[in-house]
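Each chain, letter by letter, is given below.
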Amino acid sequence: MTEFFVGFPDGHHAVDDCVSDADKVVTRGRFQGTHTGVFHGVEPSGKCVSVGVIHIDRVENGIVVEHFGQLDGLGLMHQIGAF
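Everything numeric here is computed off the predicted structure, so don't read it as measured data.

What follows is about the layout of surface pockets. Each pocket or cavity is described by its volume, and for the largest pocket that value is around 270 Å³. Lining the largest pocket are 14 residues, with Met 1, Phe 4, His 13, Phe 31 and Leu 71 sitting closest to its centre. Of all the secondary structure elements, the ones that give two or more residues to the lining of the largest pocket are α1 (2-7), β1 (12-21), β3 (48-60) and β4 (63-71). Tallied by class, residues from the lining of the largest pocket come to seven nonpolar, seven polar and no charged.

In this section: the sheet that holds β4. Read across the sheet, four strands follow the order β1-β2-β3-β4 without closing on themselves; strand pairing throughout is antiparallel. With partners counted over all chains shown, the strands left at the sheet margins are β1 and β4, one partner each. Across the sheet, the mean angle separating the axes of adjacent strands is 20° when strand polarity is ignored. Examined bridge by bridge, strand β2 (residues 24-34) and β3 share 11 bridges and lie antiparallel to one another. Bridge pairing links Gly 29 to Val 53 in β3.

What counts as what
Residues numbered from 1 in each chain as written. Predicted model: local features only at pLDDT ≥ 70, side-chain atom pairs only at ≥ 80, totals over all residues. Heavy atoms only, no water. 1 Å grid on protein atoms, 1.4 Å probe; cavity = no way out; pocket = protein on both sides within 12 Å on 5 of 7 lines; lining within 4 Å. Points joined across faces, edges and corners; volume = space filled by probe spheres on them. Helix = DSSP H or I, 4+ residues; strand = E, 2+ residues; numbered from the N terminus. Nonpolar A, V, L, I, M, F, W, Y, C, P; charged D, E, K, R; others polar. Pairing = 2+ DSSP bridges. Axes fitted to C-alpha atoms, helices over the stretch in contact; angles between N-to-C directions.

Here it is, written out as structure tokens:
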């Protein structure tokens, strides 16, 4: 996570959908930010990125006790000019 905070200090999640059932919450959205710091060895490009994310959380007594996140890493690296 530190690399994300360094590489995209203005990074944030925009939530498109949120679904819950029993103790699970699934969120679909986008990670958006500006590449102004080194990320995975790629020097800052100044480019704005937007990539799809999915988060699945398990909640107990109103507290997230497990988290799984999936992000389009290939799309992110392409947008910052890594290849």
